Amino acid sequence: MNQIVAEIITIGDEILFGQTLDTNAHWMSGELQKSGLKTGWRTTVGDNDTQITAALSVAESRADVILITGGLGPTKDDLTKETLARYFDSEIEMNQRALAELEDFMLRRGRKLNESTRKQAELPVKSEIVSNFKGTAAGMLFRKDGKVFVAMPGIPHEMKGMMTTTVLPLVKREFQLPVIYHKIVRTAGIGESWLAEKIVDWENSLPDHIRLAYLPTFGDIKMRITAYGNSKNDLQEEVAGYVQRLVPQIREFVYGYDDDSLAEVVGRLLIEKGQKLAIAESCSGGYVSHAITSIPGCSAYFNGSVVAYQNEIKVDVLGIKQETLNEFGAVSEETVSEMANNVRSVLNADMGLATSGIAGPTGGTTDKPVGLIYIACATDENTICKKLQLVQDRYVNIRLTTVAALNLLRRRLIEKD
Ligand code: AMP
Ligand code: MG
């Protein structure tokens, strides 16, 4: 299949200065991808004639569709139109359609055209106008040797309007684009390289038009399977076959698919098994509870939580035995197990989940270094505790602990009849 490749060129000194985040390129890549168009490159240049010309010439050498944003304003600092006219060896003249649309745009807003706004209707003769229904700067489309160049304003909602109404439909019409289908398999509780090791034969069996990407965030790995072809149904069926062969090899780690989140999956399991949950958090400071309560409808299964940061709270509110704390310390299997078990009765729940550890970056000792964290999950039958040795960064530790705790809860729920 012939892959059509796009290049995005965003223009603006403010992007290079780090003052404006290049959300245009991000959004455009996503939309192109949905339409079956691969973004091969993204380039950012300043409001500078030499830089813009160089970017155009490089893009022309490697891409089929070149999408440009920025630098179309009426003021002197915006140079894109003049540079494009020179690049395509074109005069700039008043475009009557652009002028009519501009007058109409201003009229609807009860505003008059001034000279510099009027100049925005002047376009390179060799370009076709791309209407802007949301602003004053018209877009421009150039064609050269089967390639298409489109210049749009930098203002995000104006660019989005042009992309949706004109540019994407035109590209879909004029180029034969493949269908791109994504399936996501979500895993937790295993590192990327261990995961890859387990499925090496499966991964090697993938044909060229099906690709796998590992996208990790805080102990949670998205395995994105992307397939390219001509029919969505065929791809869906083919990928389903591969997923069916994949999952048994990593079953204990797979918690969901596509947009599932771990907290959502845990919520569904709690409802299914008729279990109420209570949480006792120390080092994670409420983050596990936050994940649980981010899911709409969680009142059906979540009773509440205690953030027991100080030892007194562990003793007074959760009833942790003073001897346990004295003998083993707050960061220990014994304490966190008691927390998980006691919070069940304190908050009248079936299952208890608890965390205690040294989130860092300070507070570690030789025995108990930063990143040492215990998590526990208690049911009416027993309590299971897990020791984690994480990293030096406080925020990362809290996020990793949250995923590990939710995953422990998930595993226990699956085992429950
Ligand atoms: P311009 O079309 O260059 O006059 O850009 C107008 C405004 O759009 C700028 O002041 C930025 O706030 C915004 N803008 C320009 N380029 C981008 C971009 N790549 N991503 C997000 N915003 C942008
Ligand atoms: Mg600009």
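Up top you'll find the structure we're talking about.
Quantities reported herein were computed from a predicted structural model and do not represent experimental measurements.

1. A closer look at the site of ligand 1
For ligand 1, the set of nearby residues contains 16 residues, the closest of which are Asp22, Thr23, Gly71, Asp78 and Gly154. A distance of 3.3 Å separates a nitrogen atom of ligand 1 from a polar backbone atom of Thr23. For ligand 1, an oxygen atom lies 3.3 Å from a polar atom in the backbone of Ile155. If ligand 1 stood free it would expose 490 Å²; the protein chains cover 77% of that surface. Here ligand 1 occupies the largest pocket. Sorting the residues of the shell around ligand 1 by element identifies α1 (13-16) and α2 (23-34) as the ones contributing at least two each. For the shell around ligand 1, the residue count by class is six nonpolar, seven polar and three charged.

2. A short note on the pairing of strand β1 (residues 5-11)
The buried fraction of β1 amounts to seven of the seven residues, a majority that puts the element mostly inside the structure. In β1, alternate side chains face the same way, and those of Val5, Glu7, Ile9 and Ile11 on one face and Ala6, Ile8 and Thr10 on the other are all buried. The pairing of β1 with strand β2 (residues 38-45) spans seven bridges and is parallel. By the bridge assignment for β2, Val5 is matched with Lys38.

3. Points about helix α16 (residues 394-415)
Counted at 1.5 Å a residue, the expected span for α16 with its 22 residues is 32 Å, and the 32 Å between its end C-alpha atoms agrees. Capping of α16 at its N-terminal end is provided by Asp393; its side-chain oxygen lies 3.0 Å from the backbone amide nitrogen of Tyr395.

4. Regarding the side chain of Asn342
Mapped onto the secondary structure, Asn342 falls in helix α15 (residues 333-346). A polar atom in the side chain of Asn342 sits 3.0 Å from the backbone oxygen of Gly319. When sequence neighbours within four positions are dropped, the list of residues in contact with Asn342 reads Leu318, Gly319 and Ile320.

5. Focus on the sheet that holds strand β10 (residues 210-217)
Backbone hydrogen bonds are what pair the strands of a sheet, in a parallel or an antiparallel way. The strand order β10-β11-β9-β12 describes an open sheet built from four strands, whose pairing is antiparallel. At either end of the open sheet lies a strand with only one pairing partner, and these are β10 and β12 (254-257). The mean inter-strand angle of the sheet, taken between neighbouring strand axes irrespective of direction, is 25 degrees. Where β10 meets strand β11 (residues 220-229), eight bridges bridge the pair, whose relative direction is antiparallel. In the strand pairing of β11, Thr217 is matched with Asp220.

About the thresholds
Residues numbered from 1 in each chain as written. Chains lettered and ligands numbered in written order. Predicted model: local features only at pLDDT ≥ 70, side-chain atom pairs only at ≥ 80, totals over all residues. Heavy atoms only, no water. Near = heavy atom within 4 Å. Polar contact = N/O pair within 3.5 Å; in protein donor to acceptor, adjacent residues only side chain to side chain. Areas by Shrake-Rupley, 256 points an atom, 1.4 Å probe, with all protein chains shown as cover. 1 Å grid on protein atoms, 1.4 Å probe; cavity = no way out; pocket = protein on both sides within 12 Å on 5 of 7 lines; lining within 4 Å. Sits in = over half its atoms within 2 Å of the grid points. Helix = DSSP H or I, 4+ residues; strand = E, 2+ residues; numbered from the N terminus. Nonpolar A, V, L, I, M, F, W, Y, C, P; charged D, E, K, R; others polar. Buried < 20%, exposed > 50% of the residue type's maximum accessible area, 1.4 Å probe, protein only. Pairing = 2+ DSSP bridges. Expected span 1.5 Å × (residues − 1). Contact = heavy atoms within 4.5 Å. Axes fitted to C-alpha atoms, helices over the stretch in contact; angles between N-to-C directions.

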